[in-house]
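Next come the chains, spelled out residue by residue.
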Amino acid sequence: MAFEIRYAAREDLPQVNELRSQVNLLHAEGRPDIFRPGFCEELRERVYAEFEGEDSDVIVAVSGGTVRGFLIAQYIRRPESPYCHPREFYRVEEFGVSPAYRRQGIGRALIAFCAEEAKKKGFSKMELDVWEFNENARKFYKAVGFRTYRRYMEVDVPQCPGCDAIEEYL
């Protein structure tokens, strides 16, 4: 299948939102305790803010005039702090490929396009976060070169199995 990777045009954004809605549903089903179902007006409008933003990009994969995949990236610049050196990176904020078009090179092409754009903009790193329940996404990101450098962990307090033995660590 032939497809083009390019910066989104404003007229692409309703189709981007259709894909974003699918990604939101995946998250709401994977972690209903965190993500809200549905795709409200505020979520729909967010892509327009990113599109118009000076420090963000909306990138699309288009085939046959239809958006088959998208990526929203942000330029992150964090100043030095007492804890950290200053950091700058190109952040993959949102990403998705239409289920019918997965495993056809679209995701890989979107990431490659962004890596080139990040390099042109002077960034030496790309970063993203991925939810643990989303095994397919984790495998994809690893396959295109991302590696874990930080981990968030959780425990439900009333069921914390190690809490009874906490005194041995104090």
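Rules used in this analysis
- Residues numbered from 1 in each chain as written.
- Predicted model: local features only at pLDDT ≥ 70, side-chain atom pairs only at ≥ 80, totals over all residues.
- Heavy atoms only, no water.
- Pairing = 2+ DSSP bridges.
- Helix = DSSP H or I, 4+ residues; strand = E, 2+ residues; numbered from the N terminus.
- Axes fitted to C-alpha atoms, helices over the stretch in contact; angles between N-to-C directions.
- Salt bridge = Lys/Arg side-chain N within 4 Å of Asp/Glu carboxyl O.
- Buried < 20%, exposed > 50% of the residue type's maximum accessible area, 1.4 Å probe, protein only.

Draft legend 1. Expanded view of the sheet that holds strand 1 (residues 4-7). With respect to topology, five strands assemble into an open sheet ordered 1-2-3-4-5, the strand pairing being mixed. Single-partner strands in this sheet number two, and they are strand 1 and strand 5 (126-128). Geometrically, the sheet is characterised by an average inter-axis angle of 30° between neighbouring strands, direction not taken into account. Sheet topology note: the strand 2 (residues 56-63)/strand 3 (residues 66-78) ladder contains eight bridges and is antiparallel.

Draft legend 2. A look at the pattern of salt bridges. For the structure shown, the criterion picks out 17 salt bridges. In this structure, the salt-bridge partner of R20 is E94, at a minimum N-O distance of 2.7 Å. Highlighted residues: R20 in helix 1 (residues 13-30) and E94 in strand 4 (residues 87-97), separated in sequence by 74 residues. Accessibility classification places R20 together with E94 in one group, the buried group. A salt bridge links R46 to E50; the shortest N-O distance between them is 3.2 Å. Of this pair, R46 and E50 both sit in helix 2 (residues 41-52), separated by four residues, roughly a single helical turn. Because the salt bridges share partners, they merge into one network encompassing R20, R46, E50, R91, E93, E94 and D129.

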